[in-house]
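Below, each chain spelled out in residue letters.
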Amino acid sequence: MRKLLLFDIDMTLVRPKPGSSAIGAMYQAMEERFQRPAQSFKPIRVDGKTDPLIVQELHDVNGIHYNPDTDYEPFLACYLKHLDTLCKQGEREALPGAVELVRLLEQANRFHLAVVTGNDRRGAAMKLAAVGLEKSFPVGAYGSDSAIREDLVPLALSRAKEHYRYPMYLENTVIIGDSHRDVEVASAHGTRCLAVATGSATVDELEAAGPCLIVEDFSDPEAVLWILDRI
């Protein structure tokens, strides 16, 4: 039976190039909307969070009134405009070995690929396209589907079943990500987990979050493929 591999995007497959902030487009949107220099806004930690929660927290820590029902979409439109520019300027790149790993998984013909990401669907598409992986992940679940990351796994599973026309089960699913939240979500759903230490989470933080196998990075795609065959 084929395994369903649910990949995170940011700092798992795609990262900002040196000198380009992972949340730079968010702060550019803040600057444009509130007419304040981007560097004047307090930073927040974003790893493992969904876009709706990031936008809420970004407003909250900076003391700005925010109503998700009326303010989220206008903010996202501004953010996505800046993100699109960054991606087209080449400010996003693949993590070492990430593209090669995805190509190996596609050629292996024993996996189905999908994403589970906190990104809005539109932002996810931009980031994957920036590294040539948009066709490799035709289905998934996104921050635009739910602000709660745990909600995304069963949704991705359902969509993968429909798209691939293949039976999918949680026990035959592997969540692949770089943050403690990826590990926690895998534990909550009883799926297997491969954590990659390419984000801000330390190996100790990943181990403490729940059961998982950990690799330093994807720089040896053949070795990662071997692990995914056996996990």
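Here the residue numbering is sequential within each chain, running from 1 through the sequence in written order. Since the coordinates come from a predicted model, pLDDT governs what is reported: local features require at least 70, and pairs of side-chain atoms require 80 or more to be given and counted, while whole-chain, interface and lining totals use all residues. Only hydrogens and water are removed before side-chain values are computed, so all heavy atoms of the structure are retained for them.

**With respect to the side chain of Ser-179**
Its place among the elements puts Ser-179 in the loop between strand E6 (173-177) and helix H7 (180-189). Note on classification: 1.4 Å probe, protein chains only; a residue is buried when its accessible area is under 20% of the maximum for its type, exposed when over 50%, partly exposed between these limits. For Ser-179, a relative accessible area of 1% translates into the label buried. Between N or O atoms, a polar contact is any pair within 3.5 Å; within protein, one atom must be a potential hydrogen donor and the other a potential acceptor, and residues adjacent in sequence are included only when both atoms are from side chains. A distance of 3.1 Å separates a polar atom in the side chain of Ser-179 from the backbone nitrogen of Arg-181. Whether two residues are in contact is decided by their heavy atoms: any pair within 4.5 Å suffices. Those residues within four positions of Ser-179 in sequence are excluded, and the remaining contacts are Asp-47, Gly-48, Ala-201 and Leu-206. Each helix is a run of H or I in the DSSP string that is no shorter than four residues. Each strand is a run of E no shorter than two, and both are numbered from the N terminus.

**Overview of the packing of helix H3 (residues 68-88) against helix H5 (residues 121-130)**
Whenever a helix is involved, its axis is fitted only over the stretch in contact; in every case the axis is a line through C-alpha atoms, and angles between N-to-C directions fall within 0 to 180 degrees. For the pair H3 and H5, the least separation of the axes is 10 Å and the interaxial angle reads 5°. Here H5 runs roughly parallel to H3, going by the angle between their axes. Contacts from Glu-73, Leu-76, Tyr-79, Leu-80, Leu-83, Asp-84 and Cys-87 of H3 reach H5 at Arg-122, Gly-123, Met-126, Lys-127 and Ala-130. We call Asp, Glu, Lys and Arg charged. Ala, Val, Leu, Ile, Met, Phe, Trp, Tyr, Cys and Pro are nonpolar, and the rest, Gly among them, are polar. In terms of residue class, the contact of H3 with H5 is made up of seven nonpolar, one polar and four charged. Any angle that is under 35 degrees is reported as roughly parallel, and any over 145 degrees as roughly antiparallel; angles of 65 to 115 degrees are reported as roughly perpendicular and all others as oblique.

**Here's the deal with the pattern of salt bridges**
For salt bridges, the criterion is a side-chain nitrogen of Lys or Arg within 4 Å of an Asp or Glu carboxyl oxygen. Taken as a whole and assessed by the stated rule, the structure comprises 16 salt bridges. Between Arg-159 and Asp-145 there is a salt bridge, with its nearest N and O atoms 2.8 Å apart. Here Arg-159 is found in helix H6 (residues 152-164), whereas its partner Asp-145 is found in the loop between strand E5 (140-141) and H6, with 14 residues between them in sequence. Of the charged contacts, one joins Glu-184 and Arg-181 as a salt bridge, the two residues approaching to 3.0 Å between their closest N and O atoms. Of this pair, Glu-184 and Arg-181 are both found in helix H7, three residues apart, which corresponds to roughly one turn of the helix. Judged by its relative accessible area of 29%, Glu-184 is partly exposed.

**A look at the packing of aromatic side chains**
Stacked, edge-to-face and tilted labels apply to pairs of Phe, Tyr and Trp rings (six-membered ring for Trp) whose centres lie within 6.5 Å, assigned for plane angles under 30 degrees, over 60, and everything in between, in that order. Across all of its chains, the model carries one aromatic pair by this definition. Between Phe-7 and Phe-137, the aromatic rings sit 5.5 Å apart at their centres with planes inclined by 70°, giving edge-to-face as the arrangement. Taken together, the residues Phe-7 in strand E1 (residues 3-7) and Phe-137 in the loop between H5 and E5 connect sequence positions 130 residues apart. Pair check on accessibility: Phe-7 and Phe-137 agree, each one buried. In this scheme, Lys NZ or Arg CZ marks a charge over a ring once it lies within 6 Å of the ring centre and within 35 degrees of the ring normal. If you follow Lys-161 out to its NZ or CZ, it ends over the ring of Tyr-169, 5.9 Å from the centre.

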